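Architecture and fold: a report
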Amino acid sequence: MSSALETLRREFGGDIIEPGAAEYASASRSVLASGSPAYVLRPKSVGDVQAGVTFAAAAGLALSVRGGGHGFAGFGTNDGGVVIDLGLLASVEIIDEERHLVRIGGGATWGQVADVLAPHGLAISSGDTRGVGVGGLTLTGGIGWKVRKYGLALDNVVAAEVVTAGGAVVRAGAGENPELFWAIRGGGGNFGVVTAFEFAAHPTTDVFYGRIAFPASEAATVLRRWADHLRTAPEELTSVAEFANPFAGGPEAPVEIRVVFDGDDPELAAKAIDPIRRFGTVIGDDVALRPCAGTLVDGVTPPPGIRLVTRSAFVDEGAVPAVLRILAKAGASQGSPFIAVRSVGGAVSRVPHDATAYAHRRAELMVVTTVVGPQPVVEAARPALDTLWTALAPHVNGAYANFLASATEADVAAIYPAPTYERLAAVKRHYDPGNLFAGNHNIRPEKASPTGEAG
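Residues numbered from 1 in each chain as written. Predicted model: local features only at pLDDT ≥ 70, side-chain atom pairs only at ≥ 80, totals over all residues. Heavy atoms only, no water.

An unreviewed UniProt entry lists the protein chain under the name FAD-binding oxidoreductase, with Nonomuraea indica given as the organism. We quote the UniProt Cofactor (unreviewed entry) comment for the protein chain here in full: "FAD". The record held by UniProt for the protein chain lists under Sequence similarities (unreviewed entry) the comment "Belongs to the oxygen-dependent FAD-linked oxidoreductase family." (UniProt positions renumbered as here; feature names shortened; annotations may be inferred.)

**Things to note about the sheet that holds strand β4 (residues 82–85)**
Taken together, 4 strands build an open sheet; the order of strands is β1-β2-β4-β3 and the sheet is mixed. Of all strands in the sheet, those with a lone pairing partner are β1 (15–17) and β3 (63–66), marking the two edges. Across the sheet, the mean angle separating the axes of adjacent strands is 20° when strand polarity is ignored. (Pairing = 2+ DSSP bridges. Helix = DSSP H or I, 4+ residues; strand = E, 2+ residues; numbered from the N terminus. Axes fitted to C-alpha atoms, helices over the stretch in contact; angles between N-to-C directions.)

**Focus on the packing of helix α1 (residues 2–11) against helix α3 (residues 46–59)**
When two helices pack together, their arrangement is given by the angle between their axes and by how far apart the axes lie. At a minimum axis separation of 9 Å, α1 and α3 run at an interaxial angle of 175°. Between α1 and α3, the angle is such that the two are roughly antiparallel. Between α1, through Ala4, Leu5, Leu8 and Glu11, and α3, the contact on the second element is made entirely by Asp48, Ala51, Gly52, Phe55, Ala58 and Ala59. Its residues placed into classes, the contact of α1 with α3 shows 7 nonpolar, 1 polar and 2 charged. (Parallel < 35°, antiparallel > 145°, perpendicular 65-115°, else oblique. Contact = heavy atoms within 4.5 Å. Nonpolar A, V, L, I, M, F, W, Y, C, P; charged D, E, K, R; others polar.)

**Details of helix α11 (residues 375–392)**
Relative to the 26 Å expected for 18 residues at 1.5 Å per residue, α11 spans 25 Å between its end C-alpha atoms, a close match to the ideal helical length. The principal kink in α11, of about 40°, is found at Arg382, preceding the proline Pro383 by one to four residues. For α11, the full list of buried residues reads Val378, Ala381, Leu385, Leu388, Trp389 and Leu392. Lining the buried residues of α11 we find β17 (306–315), α10 (320–331), β18 (338–343) and β19 (365–374). (Expected span 1.5 Å × (residues − 1). Bend = angle between axes of the 7 residues up to and from the residue. Buried < 20%, exposed > 50% of the residue type's maximum accessible area, 1.4 Å probe, protein only.)

**Observations regarding the pattern of salt bridges**
Per the counting criterion, the structure on display carries 30 salt bridges. Here Arg103 makes a salt bridge to Glu198, at a shortest N to O gap of 3.8 Å. Remark: Glu198 occurs in strand β10 (residues 193–200) and Arg103 occurs in strand β6 (residues 101–105); sequence separation between them is 95 residues. Taking the relative accessible area as the measure of exposure, Glu198 reaches 10% and is therefore buried. (Salt bridge = Lys/Arg side-chain N within 4 Å of Asp/Glu carboxyl O.)

**Describing empty space enclosed by the protein**
Scanning all chains against the criterion turns up 2 cavities of 30 Å³ or more. Of the pockets and cavities examined, the largest cavity occupies roughly 60 Å³. Tallied by class, the residues present in the lining of the largest cavity amount to 9 nonpolar, 2 polar and no charged. Looking at the second largest cavity, its volume works out to about 50 Å³. Every residue lining the second largest cavity is listed: Thr140, Gly186, Ala357, Tyr358, Ala359, His360, Ala399, Tyr400, Ala401, Ile415 and Tyr416. Partitioning the lining of the second largest cavity into residue classes produces 8 nonpolar, 3 polar and no charged. (1 Å grid on protein atoms, 1.4 Å probe; cavity = no way out; pocket = protein on both sides within 12 Å on 5 of 7 lines; lining within 4 Å. Points joined across faces, edges and corners; volume = space filled by probe spheres on them.)

**Quick word on the pairing of strand β9 (residues 169–173)**
As defined by bridge partners, strand β8 (residues 157–163) adjoins β9 across 5 bridges and the pair is classed as antiparallel. Each bridged residue has a counterpart across the sheet, and for Ala159 the counterpart in β9 is Gly173. The antiparallel pairing of β8 with β9 creates a hairpin that spans 5 residues between the two strands, and Gly167 there sits at a positive phi of about 90°.

**Here's the deal with the sheet that holds strand β5 (residues 92–96)**
One open sheet holds the 5 strands; their spatial order is β5-β6-β10-β8-β9, and the pairing between them is antiparallel. The two strands at the open ends of the sheet, each matched to only one other strand, are β5 and β9. Averaged over all pairs of adjacent strands, the angle between strand axes in this sheet comes to 20°, irrespective of strand direction. Where β8 lies against β10, 6 bridges are found, and the strand directions are antiparallel. The residue bridging Ala160 from the neighbouring strand is Phe197, located in β10. α3 contacts β8, β9 and β10 of the sheet and is inclined by roughly 55° relative to β8.

**Focus: the packing of aromatic side chains**
The geometry of an aromatic ring pair is captured by two quantities: the separation of the ring centres and the angle between the planes. This model, assessed by the stated rule, comprises 8 aromatic pairs. Taking the centre distance of 5.7 Å and the plane angle of 75° together, the rings of Trp110 and Phe199 count as edge-to-face. A residue pair is termed long-range when its members are at least 10 positions apart, and Trp110 in helix α4 (residues 110–117) and Phe199 in strand β10 qualify at 89 residues. Classification of Trp110 by relative accessible area gives buried; the value is 2%. We classify Phe199 as buried; its relative accessible area is 0%. Joined through ring pairs, the aromatic side chains of Phe72, Phe314, Tyr358, Tyr400 and Phe403 make up one cluster. The ring of Phe181 is capped by Arg185, whose NZ or CZ atom sits 3.7 Å from the centre of that ring. Stacked on the ring of Trp182, the Lys or Arg Arg423 has its end atom at 3.9 Å from the ring centre. (Phe/Tyr/Trp six-rings, centres within 6.5 Å; stacked < 30°, edge-to-face > 60°. Lys NZ or Arg CZ within 6 Å of the ring centre and 35° of its normal.)

**Some thoughts on the packing of helix α8 (residues 219–232) against α10**
Here α8 crosses α10 at 150°, and the two axes come no closer than 9 Å. In terms of their interaxial angle, α8 and α10 are classed as roughly antiparallel. For the pair α8 and α10, the sense of crossing is right-handed. Along its contact with α8, which presents Ala220, Leu223, Arg224, Ala227 and Arg231, the element α10 presents Val320, Leu324 and Ala328. Here the contact of α8 with α10 is built from residues that sort into 6 nonpolar, no polar and 2 charged. (Left-handed = near helix turned anticlockwise from the far one by under 90°.)

Here it is, written out as structure tokens:
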């Protein structure tokens with residue numbers, strides 16, 4: 001340990017933050033989790049990342065890799081181990097103007113990306129929050145306001161620079177290390193530290209963005225009509241239905257249909273959005289033409305002691321009516337979690353199911369529930385939450401890693417069906433046989449899947 005630490009201090013050009021340092025309190029926690037790591041490393045170069053990975057492996061310490069730090073499961077910190085915080089590796093550079101190729105550092109946030117691309121009239125299909133890290137979101141999906149037209153964030157990655165468990169720097173793309181390239185597009189941080197991505201951006205205009213609100217009493221009707229409309233709506237329209245918001249009245253909270261129409265033509269936007277206004281009694285409507293970058297909102301950092309517990313699952317077309325009936329009933333009950341239903345489909349569904357490690361291409365909708373509060377509040381909400389998910393279980397499938405607050409074997413099995421898991425495990429055995437990168441929804445190097453099925 002002392003020898004490894006001496007080597008680190010000699011070779012590491014960034015900041016090494018240890019307990020007792022002035023910045024340790026802030027450096028030791030991620031946005032949604034507290035920790036007490038032995039070392040927080042802030043690399044200034046890819047060489048520093050190599051040194052940090054080598055140190056963690058040589059010292060036998062748990063390793064966490066932090067991008068934006070928004071992970072609900074708290075993967076961006078740990079107790080007693082090493083955290084590599086990529087925040088200083090956040091450059092955003094257009095490297096090919098003709099092909100709209102953008103190189104983005106592994107520590108960049110989507111807000112930083114939007115700010116650089118907006119003056120060039122470019123955008124990348126991402127999430128919906130400025131402070132969320134490019135790396136964490138992309139490695140496991142990326143479902144945001146352009147998802148139905150341009151696919152997941154990971155569908156727009158053309159290459160990546162990865163530091164492996166052995167400390168090597170490799171390039172992953174369609175023609176170089178193709179299995180690693182397949183694995184990092186959906187397999188999370190299991191295979192190395194992605195120090196840079198290359199994305200294919202697309203030209204963008206202003207977009208029509210906002211919320212259309214309806215009374216809670218009309219939830220069942222609004223949700224059914226909304227889902228039916230999205231099935232035939234143009235792919236320029238992406239939408240999320242939110243209700244039972246505990247900060248807006250719980251079961252009495254309005255049903256809010258959030259929309260983005262990806263284009264600035266008012267007539268085309270009206271054809272896509274106006275039908276939503278006829279779903280029920282409109283009690284609020286602020287949809288307007290806004291800059292594309294303005295669709296990304298500022299995230300909220302919860303105060304100490306406040307937990308966010310999220311669960312997620314996907315819904316195929318045939319199960320949509322049953323799922324929406326269950327959700328509408330639950331949302332009208334006291335103690336309901338905050339419920340969001342996101343439209344998917346479109347460009348996501350046109351990618352072959354085995355083209356990337358993201359395994360849920362057939363889904364039409366994604367359901368997310370969230371409970372927020374101190375531990376006693378979270379525990380008090382658990383019975384109603386478990387009852388809801390028990391009712392949903394026969395009608396939903398899988399899980400979206402970016403909206404999970406836990407990392408059990410059942411979670412991993414839901415994220416990765418057995419064939420996907422077995423292929424990921426083979427990549428893991430090649431690039432990380434010792435499972436150094438275990439601070440995630442972990443793919444173990446062994447061949448058996450979490451369900452016990454052998455490959």
